[in-house]
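Here is how the chains run, residue by residue.
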Amino acid sequence: MLDSEVPQEGNSTLDGHRKAVYARGADGKLHLVQSAGWEVEEIVTRQAVDDLRRLAEDARRRVIAGQTSPLEFHMHRVRMDVPLLAQASGIWQWRVRRHFRPEVFARLSPAVLGRYAEAMGLSVEQLKTAE
Amino acid sequence: MSDFQHSQASHCESGVMSAMLRHHGLPLSEPMAFGLSSALSFAYLPIVKINGLPLVGYRMPPRFIIKGLQKPLGLTMRFETFRDPGRGAARLNELLDAGRIVGLQTSVFWLPYLPQDLRFHFNAHNVLAYGRDAGSGDYLLSDPVAETAVRCAPADLQRARFAKGVLAPRGLLYYPLGQPQAPDWPKVLPAAIKKTTRIMLDAPLPIIGVRGIRRLAKAIEGLDAEREAARSKLFIGQVVRMQEEIGTGGGGFRFIYASFLQEAAALLGRPALDELSGRLVDIGDEWREFALATARQIRGRDPLAPARLADKLRLIADREQAFFGDLRRAA
């Protein structure tokens, strides 16, 4: 890649940040060039972000329909999955899944709710609603 | 620590080490830190899942650069992890108060100064802490992928350092003991280059090096584009994301290594390495073309055709195999 070919087309997922890449100058030497972003990177990052957003949105609808608990919604919203939430909260995966059941979630002790809230960086109040 | 100079880099770990060594009186470029530690690689790890998709790496695992620079530079790096987050914070403050600059392993998800869309649960991001704001208590950080030095509130940094999951940092901090020395280039450079060729060509596992690229090609070919289009797109997107994410730009690691080979050619007086550097730049461009073709299929500008992407990968594997063979002979 020549330094004149370094993508400068912008990438909304970079939020105005520029990254640094190595490219060849006119003298043949590689040097660091700032890039305002490449559409390819934007596409693949956007794809991952959209997929996570879709999971959260889907969970939110099921919370309203009474099919899952706000815990699942928040897990997707903070871009976690069950294994990661289990590790971060120190609660077994099968228990996490069980806590997705609204009637089980409603009976959780403040201590368990506190562990989930802490793991996801939320307050217990936030955790109880799918907002 | 007002005399610390931030500079932007292409990759976090090589960037941190380059800045740290420079601060300690040994100017070492980012590509040199990357090449001298033999950090270039390829790995396709179907067992390690990130959000349900396999891990693909274009370099050696985290900490490889930090550890790999010890021997050639006669350097001892001190690593500390903490079971108790409170002690981890106290230790960081103690080192900063003593005027040290400290490397930290962090999770990008919890670093608020990074763009929201790039903040996934990736736990092996390296940053340098070089001081604290006396008033607010904010940490002064040099994040190699950021354009300028940044600040981070203590609560956020604490979360980032003690995030859980794959490659959990456990508060890891690191700093050099003693003074780094300029190495004996004719001795260390050929050894470092040979090590990279061994990793790429002779790894005992079929998922590492050139064989790993072919294994990934096979996995992509096996995707069901008709019945599982969405999952297939996520899979190929992940492969490119791992190639691109957080500041490597296309075949980024190939370009960093090519720059290292140019430096090595000058230091050793071996023009053959210059020529090889040019070839590796071309291979890096092939990786970029692969990324472009993948993105077009994800967007639906081209029909989803995993077999075409697999063919492109095999072509890259052939070229890398020939390249690293020639590099071995030149070293």
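Because the structure is a prediction, the values reported are computed rather than measured. (Residues numbered from 1 in each chain as written. Chains lettered and ligands numbered in written order. Predicted model: local features only at pLDDT ≥ 70, side-chain atom pairs only at ≥ 80, totals over all residues.)

Caption draft 1: Focus on the overall build of chain B. Helix and strand counts for chain B stand at 12 helices and 8 strands. On C-alpha atoms alone, chain B measures out to a radius of gyration of 20 Å, which is about the 20 Å that the 2.2 N^0.38 rule sets for 331 residues. Projected onto the principal axes, the alpha-carbon positions of chain B cover approximately 60 × 50 × 30 Å. The buried share among the 331 residues of chain B stands at 49%. Pairs at least 24 residues apart make up 69% of the contacts formed inside chain B by residues separated by at least 6 positions. (Helix = DSSP H or I, 4+ residues; strand = E, 2+ residues; numbered from the N terminus. Rg over C-alpha atoms; globule rule 2.2 N^0.38 Å. Buried ≥ 20, exposed ≤ 12 C-beta atoms within 10 Å, placed from the backbone. Contact = placed C-beta atoms within 7 Å.)

Caption draft 2: Spatial organisation of the overall build of chain A. A tally of regular secondary structure across chain A gives 7 helices and 2 strands. Each helix and strand of chain A, placed in order from N terminus to C terminus, yields the pattern β-β-α-α-α-α-α-α-α. For chain A, the C-alpha radius of gyration of 21 Å lies well beyond 14 Å, the compact-globule estimate for 131 residues. Classification of the 131 residues of chain A by burial places 37% in the buried group. Here the analysis covers contacts within chain A between residues at least 6 apart in sequence; of these, 49% occur between residues at least 24 apart.

Caption draft 3: Highlighting helix α8 (residues 209-221) of chain B. Residue and element names in this part refer to chain B. In this model, α8 (13 residues) spans 19 Å end to end at C-alpha, consistent with the 18 Å of a helix rising 1.5 Å per residue. With respect to burial, α8 is a largely interior element, 10 of its 13 residues being buried. If you check which residues of α8 are buried, you get Gly209, Val210, Arg211, Gly212, Ile213, Arg214, Arg215, Leu216, Ala217 and Ile220. (Expected span 1.5 Å × (residues − 1).)

Caption draft 4: Region of the structure containing the interface of chain A and chain B. Each partner contributes to the interface: chain A provides 32 residues, whereas chain B provides 40 residues. Elements that contribute at least two residues to the side of chain A that touches chain B include exactly β1 (19-24), β2 (30-35), α1 (39-64) and α3 (82-89) of chain A. It is α1(A) that provides the largest number of residues to the side of chain A that touches chain B, a total of 9 residues. Taken together, the residues that form the side of chain A that touches chain B break down as 16 nonpolar, 7 polar and 9 charged. (Nonpolar A, V, L, I, M, F, W, Y, C, P; charged D, E, K, R; others polar.)

Caption draft 5: Quick peek at the sheet that holds strand β5 (residues 125-132) of chain B. Residue and element names in this part refer to chain B. The strand order across the open sheet formed by 6 strands is β3-β8-β4-β5-β6-β7, and the pairing between neighbours is antiparallel. Looking at the sheet topology across the chains shown, the edges are occupied by β3 (76-80) and β7 (150-152). Sheet twist, expressed as the mean angle between neighbouring strand axes with direction ignored, is 35 degrees. Bridging between β3 and strand β8 (residues 173-177) involves 5 bridges; their strand directions are antiparallel. The residue bridging Met77 from the neighbouring strand is Pro176, located in β8. Where helix α5 (residues 85-97) meets the sheet, its contacts fall on β3, β4 (102-106), β5 and β8, and the angle it forms with β5 comes to roughly 55 degrees. (Pairing = 2+ DSSP bridges. Axes fitted to C-alpha atoms, helices over the stretch in contact; angles between N-to-C directions.)

Caption draft 6: Representation of the domain arrangement of chain B in the model. Residues and elements named next belong to chain B. Domain assignment breaks chain B into domain 1 (12-44 + 61-177) and domain 2 (185-330). One C-alpha centre belongs to domain 1, the other to domain 2; they are set 26 Å apart. Contacts between the two partners involve 19 residues from domain 1 and, on the opposite side, 23 residues from domain 2. Taken together, the elements giving at least two residues each to the side of domain 1 that touches domain 2 come down to α1 (12-23), α2 (30-36) and β1 (40-50). No other element matches the 6 residues that α2 contributes to the side of domain 1 that touches domain 2. Class assignment of the residues belonging to the side of domain 1 that touches domain 2 gives a composition of 13 nonpolar, 5 polar and 1 charged. (Domains from an automatic or database assignment.)

Caption draft 7: Representation of the domain arrangement of chain A in the model. What the domain assignment reports for chain A is domain 1 (3-37) and domain 2 (47-127). For domain 1 of chain A and domain 2 of chain A, the distance between their C-alpha centres works out to 39 Å.

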